[in-house]
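Inside the fold
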Amino acid sequence: MKVAENQPLDRLNTFGISARAGILITIETEEDLLSVPGFDPARDFVLGGGSNVLFVTDVPGIVYLNRLSGIEIRRENPDEVLLEVGAGESWHELVAWSVARGFSGIENLALIPGLAGAAPLQNIGAYGVELASVLDSVTAWDWHTATWVVLSKQECLLGYRDSLFKAAQPDRYLITSTRLILKKHFTAQVAYSGLAAELEKSSPGGTSLADVFAAVIRLRRKKLPDPAVIGNAGSFFKNPLVPATLYQQLSDRFPALPSWDAGGAGIKVSAAWLIEHCDLKGFEMNGAAVSGQHALVLVNQGQCSGLAVWELAQLVQARVWDTFGVRLEPEPKIFRFAEVG
Ligand code: EPU
């Protein structure tokens, strides 16, 4: 465990926002958790890869940096392998490690920034696959009882970019490891729009695990701004679910609006399309901008503040609401310290 006071967080969040932590505690072993001070959600924050967070203010209390490492095969049979992955392992490195060993199921989730421990938090998803399809269970430190718990996939309440750790109990757990079930026999999942075409272009006739992995990487590099080049946290908003009646009105007025049936939950519509059709793609305000490459991504054009990104996000929400009557919900975790009293 490392403890340091008054630390910059600039390089610990992919937005590249300048913010400070009152105390930065780096958790390197599970036993470290037995001697940490605890967690106050108003003042403290648990940080993984920093790829899904916006610091609107400094964090006056403790930032816990999750750096628990290790990838181990816990069980295997001729068809499947059960992996246990430390929460501090890089998600993309885990995908590459699995692909190199012929373990499939997460290749469509290649190049998602961030750490493995954050994957269940928002049930990461891309190109037709979500973490939910491979998750077995999660081990977490329970701040309320100061002990470890094992939560089954069902108990994690995974939904679209949602989970127990985000919705029902947002400040209760620090994830220490995840267990995933991967397959030893590969079936390509390339139904998502554009993926099959990219596969054909990058590996004509190829449908192997390595081919799909490479195609996903190429597609992401083409479509999404790279946080190493321009600060961002991936999609800033979720694709909203709208009720069938509102969807009917919208699709009558805007037949080109991309949409997906989300079963009984309603119709999911493309937030990027809504934002682009408010003429906001590329729009800039105080150094924060709607990416000109993908309208769902907000970017830090250089030295902008967390507040500038937050104000831009609110402007986007207001415009989409006024134009389409649809409420956009932010996807990243927003930290904002509010002095009480
Ligand atoms: N579109 C626009 N304007 C744009 C970009 C896209 O109109 O500037 C339209 C496209 O034409 C397409 C539709 O929006 O019809 C969907 O675009 P895309 O395939 O890029 O997917 P998305 O719904 O915008 C989601 C995830 C991404 C994930 C991709 C691919 C969410 C919030 N985002 O984006 O995840 O990579 O699908 O599966 O669900 C992330 O969560 O950080 C993330 C990047």
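Because the structure is predicted, anything quoted here is derived from the model rather than measured. (Residues numbered from 1 in each chain as written. Predicted model: local features only at pLDDT ≥ 70, side-chain atom pairs only at ≥ 80, totals over all residues. Heavy atoms only, no water.)

1. Examining the overall build of the chain
When helices and strands are tallied, the chain shows 6 helices and 20 strands. Here the chain has a C-alpha radius of gyration of 20 Å; the compact-globule value for 341 residues is 20 Å, and the two agree. On the principal axes, the C-alpha backbone points of the chain span a range of 60 × 60 × 40 Å. Counting only residues that meet the buried cut, the chain has 48% of its 341 residues in that class. (Helix = DSSP H or I, 4+ residues; strand = E, 2+ residues; numbered from the N terminus. Rg over C-alpha atoms; globule rule 2.2 N^0.38 Å. Buried < 20%, exposed > 50% of the residue type's maximum accessible area, 1.4 Å probe, protein only.)

2. Remarks on the packing of aromatic side chains
In total, this model carries 13 aromatic pairs according to the counting rule given. With a centroid separation of 6.2 Å and 55° between ring planes, the pair formed by Trp-97 and Phe-103 is classed as tilted. Residue Phe-103 is classed as buried on the basis of its relative accessible area of 7%. In this structure an aromatic cluster arises from ring pairing among Phe-15, Phe-236 and Phe-237. (Phe/Tyr/Trp six-rings, centres within 6.5 Å; stacked < 30°, edge-to-face > 60°.)

3. Overview of the sheet that holds strand E19 (residues 297–300)
If you trace the 4 strands from one edge of the open sheet to the other, you get E13-E19-E18-E17, paired in antiparallel fashion. With one partner strand each, in any of the chains shown, strand E13 (231–235) and strand E17 (284–285) form the two edges of the open sheet. Note: E17 against strand E18 (residues 288–290), 2 bridges, orientation antiparallel. Among the inter-strand pairings, Glu-284 is bridged to a residue of E18, identified as Ala-289. Across the sheet, helix H6 (residues 306–324) is in contact with E17, E18 and E19; its angle to E18 comes to roughly 35°. (Pairing = 2+ DSSP bridges. Contact = heavy atoms within 4.5 Å. Axes fitted to C-alpha atoms, helices over the stretch in contact; angles between N-to-C directions.)

4. A look at the pairing of strand E2 (residues 20–27)
Across 6 bridges, strand E1 (residues 2–8) lies against E2 in antiparallel orientation. Residue pairing for E2: Lys-2 is matched across the bridge by Thr-26. Strand direction decides the pairing type here: E2 and strand E5 (residues 59–66), joined by 6 bridges, are parallel. Residue pairing for E5: Thr-26 is matched across the bridge by Leu-65.

5. So, the nonpolar core
Core analysis: the biggest nonpolar cluster contains 49 residues, and Leu-9, Phe-55, Ile-275, Val-309, Val-316 and Val-320 have the highest contact counts within it. Here the element with the most residues in this core is H6; it accounts for 8 residues. When residues of this core are sorted by domain, at least three fall in each of domain 1 (2–66) and domain 3 (231–335). Apart from the residues within four sequence positions on either side, Leu-9 is in contact with Ile-17, Ala-19, Arg-20, Ala-21, Leu-24, Leu-47, Phe-55, Val-59 and Val-63. Grouped together as the second largest cluster of nonpolar side chains are 41 residues, Ala-87, Val-95, Ala-110 and Val-216 included. (Core = buried A, V, L, I, M, F, W, Y, C linked by side-chain atoms within 4.5 Å. Domains from an automatic or database assignment.)

6. Section: the packing of helix H2 (residues 195–202) against helix H3 (residues 209–223)
Describing two packed helices takes the angle between their axes plus the distance from one axis to the other. One way to put it is that H2 packs onto H3 with a least axis distance of 9 Å and a crossing angle of 110°. Between H2 and H3, the interaxial angle falls into the category roughly perpendicular. Along the contact surface, H2 presents Leu-195, Glu-198, Leu-199, Lys-201 and Ser-202, while H3 presents Asp-211, Val-212, Ala-215, Val-216, Arg-218, Leu-219 and Lys-222. Grouping the constituent residues of the contact of H2 with H3 by class yields 6 nonpolar, 1 polar and 5 charged. (Parallel < 35°, antiparallel > 145°, perpendicular 65-115°, else oblique. Nonpolar A, V, L, I, M, F, W, Y, C, P; charged D, E, K, R; others polar.)

7. Observations regarding the site of the ligand
Around the ligand sit 24 residues, and of these Tyr-127, Tyr-160, Tyr-192, Glu-276 and His-294 come closest. In this structure, Tyr-127 approaches the ligand through a main-chain N or O atom, which is 2.7 Å from an oxygen atom. A distance of 2.9 Å separates an oxygen atom of the ligand from a polar side-chain atom of Arg-161. Listing elements by their share of the shell around the ligand, those giving two or more residues are strand E8 (125–126), H3, E13 and helix H5 (271–276). Among the elements that make up the shell around the ligand, the one with the highest residue count is H5 (3 residues). (Near = heavy atom within 4 Å. Polar contact = N/O pair within 3.5 Å; in protein donor to acceptor, adjacent residues only side chain to side chain.)

8. Points about a nonpolar patch on the surface
On the surface, a nonpolar cluster with roughly 240 Å² of combined accessible area is contributed by Met-1, Val-3 and Ile-23. Looking at where Ile-23 falls in the secondary structure, it is placed in strand E2. (Patch = residues over 30% accessible without salt bridge, like charges linked within 9 Å, V, L, I, M, F, W, Y side chains within 5 Å. Areas by Shrake-Rupley, 256 points an atom, 1.4 Å probe, with all protein chains shown as cover. Salt bridge = Lys/Arg side-chain N within 4 Å of Asp/Glu carboxyl O.)

9. Details of the sheet that holds strand E15 (residues 259–261)
Spatially, the 3 strands line up as an open sheet ordered E14-E16-E15, and their pairing is antiparallel. Looking along the sheet, the strands with just one partner apiece sit at the ends: strand E14 (241–242) and E15. For E15 and strand E16 (residues 267–269), the ladder comprises 3 bridges, and the chain directions are antiparallel. The residue of E16 that forms the bridge with Asp-261 is Ile-267.

10. Quick look at the domain arrangement of the chain
Put simply, an interface is often sized by how much accessible area is lost when its parts join up. In terms of domain boundaries, the chain breaks down into domain 1 (2–66), domain 2 (71–183) and domain 3 (231–335). Distance from the C-alpha centre of domain 2 to the C-alpha centre of domain 3: 27 Å. Overall, the association of domain 2 and domain 3 removes approximately 540 Å² of surface from exposure, summing both partners, and the carbon and sulfur fraction of that is 38%. Considering only the surface of domain 2 that becomes buried against domain 3, Tyr-160, Arg-161 and Lys-166 emerge as the three largest contributors, covering 73% of it. (Buried area = accessible area lost by both parts, 1.4 Å probe.)

11. Details of the pairing of strand E10 (residues 135–142)
Burial runs high along E10: 7 of the 8 residues are buried. Taken together, the 7 bridges between E10 and strand E12 (residues 173–183) define a ladder with antiparallel strand orientation. Residue pairing for E12: Trp-141 is matched across the bridge by Leu-174. One ladder, built from 6 bridges, connects E10 with strand E11 (residues 147–152); its direction is antiparallel. Residue Ala-140 lies in a different strand from E11, and its bridge partner there is Val-149.

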